[in-house]
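Here are the chains, one letter per residue:
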Amino acid sequence: MSAVLEAARIPTTLPPESETKVSLGRVLKSEWIKFRSLRSTYWTLAAGIVLTVGFGALLCWAMLDHFSQLHAEERASFNPTDHSLRGYYLAQMAIGVLGVLMFTGEYSTGMIRATVSAVPRRLPVLWAKAIVFGVATWVVGTLSALAAFFIGQAIFSSKHIGASFGDPGVPRAVFGLGLYLTAIGLIAVGLGALLRNTAAGIASLFGLLLVLPLLVESLPSSWQSNISPYLPGNAGGALFTLHGDPGQLSPWVGFGVLCIYVAAALIGGAAVLRRRDA
Amino acid sequence: MIEAVGLTKRYGPKTAVEDLSFTVRPGIVTGFLGPNGAGKSTTMRMLLGLDAPTEGHATVNGRRYADHPAPLREVGAMLEARAVHTGRSAWNHLAALAATHGLPMRRVDEVVDLVGLHEVARKRAGAFSLGMGQRLGIASALLGDPATVILDEPVNGLDPEGILWIRNLMKSLAAEGRTVLVSSHLMSEMALTAEHLIVVGRGRLIADTSVAEFTSRASVGQAVRVRTPDSVRLGELLRDLPGVLATPDEERADVLDVTGADSEQIGHLAARNQLVLFELTPHQASLEEAFMELTKDAVEYQTGTAARTADQRVKETAA
């Protein structure tokens, strides 16, 4: 019983209040602690790496296997760099899910109330989450892209159809994939803040990346060629594809368009985070 | 010090809190009382800037919550609904909150020890019992050593030892000169901890008064229990007096419940008529009864009326 009464004494060993103001740097540290203290972070990032590297390698094996049976036309459209990076298609889903969860994981558990109580101005939370997640996906995405490229080329080298890192455009494509995955991750963070619901966030991200291109394909071809290059997947794809569609935007213009999607998602998320009751 | 001025919150056509004004002073425990659905949690959320008031405003320690550069140092709050990511350990949860203010990590260890979660601090908060969750909520509230503490239903889910711990904690926080606002729908709990009461019902202020005044105000029509072998005779004599009601107890024939006369009057009356009394007990209204009396019109979900409206609706649909 004495322990019960004892516990009611409040220790106070804190620095003066003027030294403990909320700042973006501190919120960044807080978001970093949150990011690295969840198991889902590691699982999802690992899935991103495995999908980029493993799925890429698998596709390269398959190509190697029936390369000799390809028509001349098909061989002409084959690009070893592009082929080795194709695992991105699934990896972007893993990274997108994790990005959406940055906010929706807090809304579904109620954590957002603690977060917003600690940072009542709210917007620093969005910027800090975007920076933490952006840097993490950039590192993971770039390393995965490098690994996928070199493993893929090692597979192709047995038939001497591989590319070398020094070939024109190759570094842009490999590092570009890291940037693309980062941008997709940031769109996902923005969508999570905007929609505040995991299912809605993931559904709209997948809709943007998977369903929208299919819908556009069903349009008359003149419309298609005007819209398709500006879809986020295709616009960003221009950066890391060496042998793409003829109508594709130039690499950095494409990436610029993708960045507009990023800005739109984050601004939308910021507006909702600031205005709506937590 | 907490000041609410004309706080109003509407969700569409429904008004959760209406024109609520009150002041919570430092140094005492103030109870925030009301039936479920009275708007207590909504009010607390507005104090913390989680919900924006439709009208009015609230300040804590002289400023709007969001205007404090280091809010956790000013106000510590535990809201009723859990505010913890289930996948994160208690220690990391507190560390993430502490980091936003640059508080040293030893402070996390301090509050973990303070609430007695040392053993489980590294476990996932999702695996915590309700009581452990409450303790973690209190640890978060005390993290910044705040001058104002807001606790929403803190004894919910706690075992007797935990309840005693919370009571002592709240009293010592107040004794240290802090402002302590505690919500509850349990009057008995408030009777033990609070000195001052803010009572709400249906989002409106019903009373802003000391606990003692609150009880005495509600016990104006207090009853006296009388046990006597001559209950029939005494009953007749009492009923002759103006404004007095003497009802025989349903279970015991020798007991009368008397209202409208105090125990002295009844004692004198019995002595003059040479009647023997075995028991003469003034019955003070409990805080619970006082509360029921004051809020009976303001209860959001009254069983009778709810059933009746549902019934009417069925009939209307049938017609």
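See the structure above.
Residues numbered from 1 in each chain as written. Chains lettered and ligands numbered in written order. Predicted model: local features only at pLDDT ≥ 70, side-chain atom pairs only at ≥ 80, totals over all residues. Heavy atoms only, no water.

What follows is about the overall build of chain B. From N to C terminus, chain B includes twelve helices and 13 strands. Across the 319 residues of chain B, 50% fall into the buried class. Of the contacts made within chain B by residues no fewer than 6 positions apart, 70% connect residues no fewer than 24 positions apart. (Helix = DSSP H or I, 4+ residues; strand = E, 2+ residues; numbered from the N terminus. Buried < 20%, exposed > 50% of the residue type's maximum accessible area, 1.4 Å probe, protein only. Contact = heavy atoms within 4.5 Å.)

Before going further, it helps to examine the interface of chain B and chain A. Contacts between the two partners involve 55 residues from chain B and, on the opposite side, 43 residues from chain A. The contact between chain B and chain A buries some 4,100 Å² in all, and 59% of this surface belongs to carbon and sulfur atoms. At the surface where chain B touches chain A, the tally comes to two salt bridges. Ionic pairing is found between Lys9 of chain B and Asp277 of chain A, a salt bridge with its closest N-O pair at 2.6 Å. (Buried area = accessible area lost by both parts, 1.4 Å probe. Salt bridge = Lys/Arg side-chain N within 4 Å of Asp/Glu carboxyl O.)

Moving on: the nonpolar core. Phe103 and Tyr180 of chain A together with Ile138 of chain B are the most contacted members of the largest nonpolar core, which totals 135 residues. Examining the composition of this core, we find that 14 residues originate from one element, helix 9 (residues 170-195) of chain A, more than from any other. If we skip the residues at most four places from it in the chain, Tyr180 of chain A touches Tyr88, Gln92, Leu209, Pro232, Gly233, Gly236, Gly237, Phe240, Phe255 and Leu258 of chain A. If you look at the next biggest cluster of nonpolar residues, it comprises 14 residues, including Val226, Val258, Ile266 and Leu269 of chain B. (Core = buried A, V, L, I, M, F, W, Y, C linked by side-chain atoms within 4.5 Å.)

Further remarks concern the environment of Ala94 of chain A. All names here are of chain A. With respect to the secondary-structure elements, Ala94 resides in helix 6 (residues 88-109). Note: C-alpha distance between Ala94 and Gly25 (69 residues apart in sequence) is 28 Å. For Ala94, the contacting residues outside a window of four places in its chain are Thr44, Ala47, Gly48 and Leu51.

The next point concerns the sheet that holds strand 4 (residues 55-60) of chain B. Within a sheet, neighbouring strands are paired by backbone hydrogen bonds and run either parallel or antiparallel to one another. Residues and elements named next belong to chain B. The three strands are arranged 2-1-4 in an open sheet whose pairing can be described as antiparallel. Looking at the sheet topology across the chains shown, the edges are occupied by strand 2 (14-24) and strand 4. Neighbouring strand axes in the sheet, compared pairwise and without regard to direction, differ in orientation by 20° on average. Where helix 1 (residues 40-47) meets the sheet, its contacts fall on strand 1 (2-11), strand 2 and strand 4, and the angle it forms with strand 1 comes to roughly 115°. (Pairing = 2+ DSSP bridges. Axes fitted to C-alpha atoms, helices over the stretch in contact; angles between N-to-C directions.)

What follows concerns the layout of surface pockets. Within this model, the largest pocket holds a volume of roughly 850 Å³. In terms of lining, the largest pocket is formed by 34 residues, of which the most central are Tyr88, Asn234, Thr241, Asp245 and Gln248 of chain A. Of all the secondary-structure elements, those providing two or more residues to the lining of the largest pocket are helix 4 (72-77), helix 5 (80-84), helix 6, helix 10 (198-217), helix 11 (221-227) and helix 12 (232-240) of chain A. Residue composition of the lining of the largest pocket, grouped by class: 14 nonpolar, 15 polar and five charged. Roughly 420 Å³ of internal volume is contained in the second largest pocket. If you go around the second largest pocket, you meet 21 residues; those closest to its centre are Pro120 of chain A together with Gly49, Ala52, Arg64 and Ala66 of chain B. If one sorts the elements of the lining of the second largest pocket by residue count, strand 4 of chain B sits on top with three residues. Residue composition of the lining of the second largest pocket, by class: nine nonpolar, three polar and nine charged. (1 Å grid on protein atoms, 1.4 Å probe; cavity = no way out; pocket = protein on both sides within 12 Å on 5 of 7 lines; lining within 4 Å. Points joined across faces, edges and corners; volume = space filled by probe spheres on them. Nonpolar A, V, L, I, M, F, W, Y, C, P; charged D, E, K, R; others polar.)

Here the phi dihedral of His160 of chain A falls at roughly 60°; this positive angle occurs in a residue that is not glycine. Here His160 of chain A is to be found in the loop between helix 8 (123-156) and helix 9. With a phi close to 50°, Asp145 of chain B is a non-glycine residue in the positive phi region. Structurally, the position occupied by Asp145 of chain B is in the loop between helix 5 (130-142) and strand 6 (148-152). For Asp145 of chain B, a relative accessible area of 19% gives the class buried.

This part covers the environment of Ala128 of chain A. The residue Ala128 of chain A is located in helix 8 in this model. Here the alpha-carbon distance between Ala128 of chain A and Leu208 of chain A, two residues 80 residues apart in the chain, equals 24 Å.

For the rest of this paragraph, the subject is the pattern of salt bridges. For side chains of opposite charge, pairing can occur when their charged atoms come near one another. Residues and elements named next belong to chain B. Counted according to the given criterion, the structure contains 19 salt bridges over all chains. The shortest N-O distance in the salt bridge between Asp67 and Arg64 comes to 3.3 Å. For Asp254, the salt bridge identified is with Arg227, shortest N-O distance 3.9 Å. Taken together, the residues span a long stretch of sequence, with Asp254 in the loop between strand 11 (245-248) and strand 12 (255-259) and Arg227 in strand 10 (residues 223-227) at a distance of 27 residues. Judged by its relative accessible area of 22%, Arg227 falls in the partly exposed class. Through salt bridges with shared partners, one network takes in Arg225, Arg227, Arg252, Asp254 and Glu279.

None of this, on its own, says anything about what the molecule does.
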